[in-house]
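Structural features, examined
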Amino acid sequence: MSELVADPPGRQGPGPMQGALVEALDLVLARRASGALPGERRAAGRGTGTELAQIRPYQFGDDVRKIDAAASARTGHPHVRDHVPERTLTTWILLDVSASMAFGTADRLKSDVAEGVALVIGRLAVRRAGRVGLLTCGAPTAQQLAPHSGRRQLISLRRALAAGVAPDGHVPEPDALAAGMRRIGRLARGPGLIVVVSDFREGSDRDRPEWARALAALSGRHDVLAVEVNDPREGELPDVGHLVLADPETGKRVEVDSSSPELRRRFAAAELARRDELKSHLRRAHARHLEVATDADWLRALGRSLR
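Residues numbered from 1 in each chain as written. Predicted model: local features only at pLDDT ≥ 70, side-chain atom pairs only at ≥ 80, totals over all residues. Heavy atoms only, no water.

Some points on the packing of aromatic side chains
- Tallied over the full model, the rule gives 1 aromatic pair.
- Here Phe200 and Trp211 contribute two aromatic rings whose centre-to-centre distance is 5.1 Å and whose plane-to-plane angle is 55°, an arrangement assigned as tilted. Taken together, the residues span a long stretch of sequence, with Phe200 in the loop between strand 6 (193-198) and helix 6 (210-219) and Trp211 in helix 6 at a distance of 11 residues.
- Looking at Phe200, the relative accessible area reads 5%, which means it is buried.
- The class for Trp211 is buried, based on a relative accessible area of 3%. (Phe/Tyr/Trp six-rings, centres within 6.5 Å; stacked < 30°, edge-to-face > 60°. Helix = DSSP H or I, 4+ residues; strand = E, 2+ residues; numbered from the N terminus. Buried < 20%, exposed > 50% of the residue type's maximum accessible area, 1.4 Å probe, protein only.)

Examining the confidence of the model for the protein
- Here the protein shows a mean pLDDT of 82. Residues at 70 or above account for 81%.
- Here residues 33-47 is a poorly scored stretch, pLDDT under 50, and it has 44 contacts once near neighbours within four places are set aside; other chains count. (pLDDT = per-residue confidence, 0-100. Contact = heavy atoms within 4.5 Å.)

Focus: empty space enclosed by the protein
- Here the structure, examined in full by the defined rule, presents 3 cavities of 30 Å³ or more.
- Those elements giving two or more residues to the lining of the largest cavity turn out to be strand 3 (90-96), helix 3 (110-125), strand 4 (131-137) and helix 4 (151-161).
- At 4 residues, the largest contribution of residues to the lining of the largest cavity is made by helix 3.
- Split by residue class, the lining of the largest cavity holds 9 nonpolar, 4 polar and 4 charged. (1 Å grid on protein atoms, 1.4 Å probe; cavity = no way out; pocket = protein on both sides within 12 Å on 5 of 7 lines; lining within 4 Å. Points joined across faces, edges and corners; volume = space filled by probe spheres on them. Nonpolar A, V, L, I, M, F, W, Y, C, P; charged D, E, K, R; others polar.)

As structure tokens, then:
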């Protein structure tokens, strides 16, 4: 595993996560996720649950504990109650671990913030017998955790998240983020919550990137949260003179003179246009858009976005 992902230099971890704030997010996420509480998500068919489906005549083999005394007395024949089965929420986390996530110029790296978001979502997802699964993308080999509940699953999730990101110079497969979304679409059998944590900087020459198409397909069956992780230096170029910049995924280098006002203006305009395009893609995909940054309290930002 160490050859496929690496602990990036400068890693700070997600930082302290106040228990009270995580607890406050519990019910908030439950409401935002279309009803994560037991009994609030309707399953197909009939079975054990709290919502009545029908009252019907007793048949041989029926559980006698389901006999409805009032209906049986009224008709003179034994009747049983069928209920709608309850199903708790299954949450899938798609985590971008490409080399670009190891960037950070503020309190922590983007990968640190992404790790924290995934941990909090995982902790909230297993409440009330819910299940959480994980899939990573952007590294040479994808990690996958099948959905399970309980403390053991949280330990497995924490270990998977601590593995790190793809090493510098690793070029992810084309449309790796879209491929991860399609894979989750095949793995997620029933409607649930899909949380995509990424910087959404996967390049594309098309008007609509492939990941946007895949996200729209997911939102047709699931509730989708798109958590965008960004760094302040990605939106504004500082005036620090001559710079040599390297793309962590391709290794391509470029030299720029950051003291040029025109260059800084064009850089900011290009980033603003990229962000407007990203928001447009997410709206068209019917995904909820949450923004967290490396220079702010990401946990509180997550809470404000979920309200």
